[in-house]
Amino acid sequence: MIVLDKITKTYFNADEEVPVLKGISFTINDGEYVAIMGPSGSGKSTLMHILGALDTPTNGSYLLDNQDVSKLSEKELAHIRKDKIGFVFQSFNLLPRSTVIRNVALPLIYSRVAKEERTERARQALFSTGLSEDRFSHLSNQLSGGQMQRVAIARALVTNPSLILADEPTGNLDTATGELVLDTFKQLNDKGHTIVLITHERDVAEHANRIIYIKDGSVLRDEAKKSS
Amino acid sequence: MKVADLLEETYIALSANKARSALTILGIVIGIASVIAMTAIGQGAQSTIQSSITSAGSNLLYVTPGQQRGVGVQVSAGRGSAQTLTQEDADAIQQEVSLAKNVSPELTRRYQVTAKGTNTNTSVIGTTFAYPDVHNMQVDQGSFITDADVKSQSRVAVIGPTTRDDLFGTDANPIGSTIKINKVEFRIIGMTVAKGGSGFSNPDDAIYVPISTAQRYLAGDKYVSNISVQANDAESMATIQQQITELLLQRHKISDPLQADFTVMNQADILAMASSVTGTLTILLASIAGISLLVGGVGIMNMMLTNVTERTREIGLRKAIGAEESDISMQFLIESVMLTFLGGAIGIILGWILAFGVQYLGFTTTKVTWDMVLLAFGVSALIGIIFGYYPARRASKLNPIQALRFE
Ligand SMILES: Nc1ncnc2c1ncn2[C@@H]1O[C@H](COP(=O)(O)OP(=O)(O)O)[C@@H](O)[C@H]1O
Ligand SMILES: [Mg+2]
């Protein structure tokens, strides 16, 4: 469960202060599928970095599964990322010249999981993204964009994190391929994963069950989709 | 992160860029190979000199002209430069130092020596019948100089096998032939057994003549260039050294031993002197090689820094999926240590082959010691750590957000 309370983030540059987040509060329960939507430059990625323990807020508190993440050390943040978070990036960030399996299994080496188990868990994660098995031993740079993003999703899943964060995951994909990736998220959510999807496109945000609108670093609206 | 995984990651990273990895370790390979080869040459020279000193005879004392001004100076100030020892000094030692078993006065100079149509430049050693006993030398054909030869100043010579080869050709029987040393005619009466040896004083490349003859026909005076004294046993060495010093001080009318115009040294002194010289040589050779190691290390650092920059996004990703700073720094440190370790291993093999080649081609004997091999391994690993540390630290401190944005 995520509880944000009056989160602010200000970048301090050489001679100017850049306030990016101006007091953001919301709660996301386990098993939710939430889209955070807003125009470019509104602070979505900054917010995601804080949610993903890549960065700490300037002020406010962030409880992740009842643990206050906002004031942890660099090392403790690394532990949170390893155990509780799975990231999916707009630009995939796969290791080139490495196989699909190795890419997906990569996070597990930092959890000291044995090699056979890593491979097995990577395969399971890949199955749940719907990538066909004959691609598993291909090199990651031999895949299409949609396939790459599904590998990246599998990598985010493999540690079985309580939270999957995706920052513009369909930004580099054509509409049809984007739909496939969004379907994957939908299926993962049906299996119980908490998903936070960041996007500036309404069509994409519509796939989630709840949309939090952000503008100029503040929450504009927070609306749940009527269950259909 | 487990050690096995760390090594696998390293292997994958290094083999992803084989050509660059190979070129980078070349510096270390060359550095380590030259350290191994250079010290092998130094150590080889050391053991050659030591064995030639010990094979010169046992329980030996050397009396040489010139003041003892300290180790090193003595080496150059030795033979021929100062003329203070005479035949009479040698005779007096023979008569008065009762513990001395053999006394061999020697007058050594290089001369042009000619036989029928051939000539060579070699050491001519004027000495007495005692020489073979003192210096562990045997006569192969004919006989050595006798007491009578010395008394009658006869112009007879005993030839070393190498000099024989030069003047008469291998396998020739030189006995009875005549040669001219410095235009004076000598008859060859014997040839010594080959002792082997190389370097500055090769007992096989020499001609031995009666010392009285050498003084009269070749040098023209009564001086000797050194006196070798053989003791009965190792215990009496110190006493003999003391007695010779006192005798010669008295004969030369010198009251202050520090003003002595001669030096009495035993084999241990000479060994120590020689090893200090060859030790310095070894250090000199090794430090020249060490500089190339340093250059190799800088090459490693350069490659690792490039590596870190190129893999900025990968580092950002690894951090995002949970790698700690220590995971990242270990990964890059192990990469550079693996590189230098590999370079070290290849360098050791190459250096060994080089040392073997130098010996095989007959330049000098070489000796690769396990100490050096272990040291070379240690040094190459250390270079990996030292020059890999900064790039590894830089990688580990990268901000994951900025690293992921890096183009
Ligand atoms: N390190 C930084 N220093 C200063 N300003 C920053 C920094 N990172 C982001 N910003 C600013 O914060 C604002 C929000 O950026 P971002 O969170 O990336 O927006 P979004 O993802 O919604 O497009 C932008 O105006 C951007 O220029
Ligand atoms: Mg963004």
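It should be emphasised that the depicted structure is a prediction, and the values quoted were computed from it without experimental measurement.

Side note on the interface of chain B and chain A
With 24 residues of chain B in contact, the opposing surface of chain A contributes 26 residues. Of all the elements in the fold, those that place two or more residues in the side of chain B that touches chain A are α1 (3-15), α11 (312-320), α12 (325-360) and α14 (400-405) of chain B. Here the side of chain B that touches chain A gets six residues from one element, more than from any other, and that element is α11 of chain B. Along the lines of polarity and charge, the residues of the side of chain B that touches chain A split into 10 nonpolar, two polar and 12 charged.

Describing the domain arrangement of chain B
If you check the domain split of chain B, you get domain 1 (3-51 + 273-405) and domain 2 (85-251). Measuring from the centre of the C-alpha atoms in domain 1 of chain B to the corresponding centre in domain 2 of chain B gives 53 Å.

Let's talk about helix α8 (residues 211-219) of chain B
Where α8 of chain B is concerned, the buried positions are Ile 211, Ser 212, Thr 213, Ala 214, Gln 215 and Leu 218 of chain B. Positioned one or two residues after α8 of chain B, Gly 220 of chain B has a phi angle of 85 degrees, which is positive.

A short note on the sheet that holds strand β3 (residues 33-37) of chain A
All names here are of chain A. Read from one edge to the other, the open sheet built from six strands follows the order β6-β7-β8-β3-β9-β10, with strand pairing classed as mixed. Each having just a single partner strand, β6 (85-88) and β10 (218-224) make up the two edges of the open sheet. Each strand of the sheet is rotated relative to its neighbour by a mean of 20 degrees, with strand direction disregarded. Taken together, the six bridges between strand β9 (residues 210-215) and β10 define a ladder with antiparallel strand orientation. Considered in β10, the bridge of Ile 211 is made with Glu 223. Sheet contacts for helix α1 (residues 44-51): β3, β6, β7 (163-167), β8 (194-199) and β9; angle to β7, the most-contacted strand, approximately 155 degrees. Contacts between helix α2 (residues 74-84) and the sheet are confined to β6 and β7, with β6 contributing the most and set at about 80 degrees to the helix.

Points about the nonpolar core
For soluble globular proteins, the rule of thumb is that nonpolar side chains tend to be buried together. Within the largest apolar cluster, 69 residues are counted, with the highest numbers of intra-cluster contacts made by Leu 4, Ile 36, Leu 47, Leu 51 and Tyr 62 of chain A. Counting residues per element, this core draws most heavily on helix α13 (residues 370-396) of chain B, at seven residues. For Tyr 62 of chain A, the residues in contact, after removing those within four places along its chain, are Ile 2, Val 3, Leu 4, Ile 7, Ile 50, Leu 51, Gln 67, Asp 68, Val 69, Ser 70 and Leu 163 of chain A. Counting 53 residues, the second largest nonpolar core, distinct from the first, contains Val 97, Ile 181, Ile 189 and Met 237 of chain B.

Details of the site of ligand 1
Residue and element names in this part refer to chain A. By nearness alone, every residue bordering ligand 1 is listed as Tyr 11, Asn 13, Val 20, Pro 39, Ser 40, Gly 41, Ser 42, Gly 43, Lys 44, Ser 45 and Thr 46. Taking Gly 41, its main chain carries an N or O atom lying 2.7 Å from an oxygen atom of ligand 1. One of the backbone nitrogen or oxygen atoms of Lys 44 is found 2.8 Å away from an oxygen atom of ligand 1. Protein contacts shield 67% of the accessible area of ligand 1, which totals 570 Å² for the unbound molecule. In terms of residues, the shell around ligand 1 owes the most to one element, α1, which gives three residues. For the shell around ligand 1, the per-class residue count stands at three nonpolar, seven polar and one charged.

What about a negative patch on the surface?
A cluster of acidic residues, Glu 179, Asp 183, Glu 201 and Asp 203 of chain A, forms a negative patch on the protein surface. In this structure Asp 203 of chain A comes out as exposed when scored by relative accessible area, which is 61%.

Regarding the packing of aromatic side chains
Residues and elements named next belong to chain B. Counting across every chain of the model gives eight aromatic pairs over all chains. Ring centres 5.2 Å apart and planes at 50 degrees place the aromatic pair Tyr 131 and Tyr 208 in the tilted group. Highlighted residues: Tyr 131 in helix α5 (residues 131-134) and Tyr 208 in strand β8 (residues 206-210), separated in sequence by 77 residues. Overall, Tyr 208 belongs to the buried group, its relative accessible area being 0%. Look at Phe 144 and Tyr 208: their rings are 6.0 Å apart centre to centre, the planes differ by 50 degrees, and that puts the pair in the tilted class.

Some thoughts on a nonpolar patch on the surface
Taken together, the side chains of Phe 356, Tyr 360, Leu 361 and Phe 363 of chain B make up a nonpolar region of the molecular surface, amounting to roughly 580 Å² of accessible area. Structurally, the position occupied by Leu 361 of chain B is in the loop between α12 and α13.

Overview of the pairing of strand β3 (residues 119-127) of chain B
Residues and elements named next belong to chain B. Summarising burial for β3: seven of the nine residues are buried, a large majority. Where strand β2 (residues 100-114) lies against β3, eight bridges are found, and the strand directions are antiparallel. Bridging from a neighbouring strand, Tyr 111 pairs with Thr 122 of β3. Count of turn residues in the β2/β3 antiparallel hairpin: four residues, of which Gly 117 carries a positive phi of about 80 degrees.

Reading the values: the criteria
- Residues numbered from 1 in each chain as written.
- Chains lettered and ligands numbered in written order.
- Predicted model: local features only at pLDDT ≥ 70, side-chain atom pairs only at ≥ 80, totals over all residues.
- Heavy atoms only, no water.
- Contact = heavy atoms within 4.5 Å.
- Helix = DSSP H or I, 4+ residues; strand = E, 2+ residues; numbered from the N terminus.
- Nonpolar A, V, L, I, M, F, W, Y, C, P; charged D, E, K, R; others polar.
- Domains from an automatic or database assignment.
- Buried < 20%, exposed > 50% of the residue type's maximum accessible area, 1.4 Å probe, protein only.
- Pairing = 2+ DSSP bridges.
- Axes fitted to C-alpha atoms, helices over the stretch in contact; angles between N-to-C directions.
- Core = buried A, V, L, I, M, F, W, Y, C linked by side-chain atoms within 4.5 Å.
- Near = heavy atom within 4 Å.
- Polar contact = N/O pair within 3.5 Å; in protein donor to acceptor, adjacent residues only side chain to side chain.
- Areas by Shrake-Rupley, 256 points an atom, 1.4 Å probe, with all protein chains shown as cover.
- Patch = residues over 30% accessible without salt bridge, like charges linked within 9 Å, V, L, I, M, F, W, Y side chains within 5 Å.
- Salt bridge = Lys/Arg side-chain N within 4 Å of Asp/Glu carboxyl O.
- Lys, Arg positive; Asp, Glu negative; His and termini not counted.
- Charge placed at Lys NZ, Arg CZ, Asp CG, Glu CD.
- Phe/Tyr/Trp six-rings, centres within 6.5 Å; stacked < 30°, edge-to-face > 60°.

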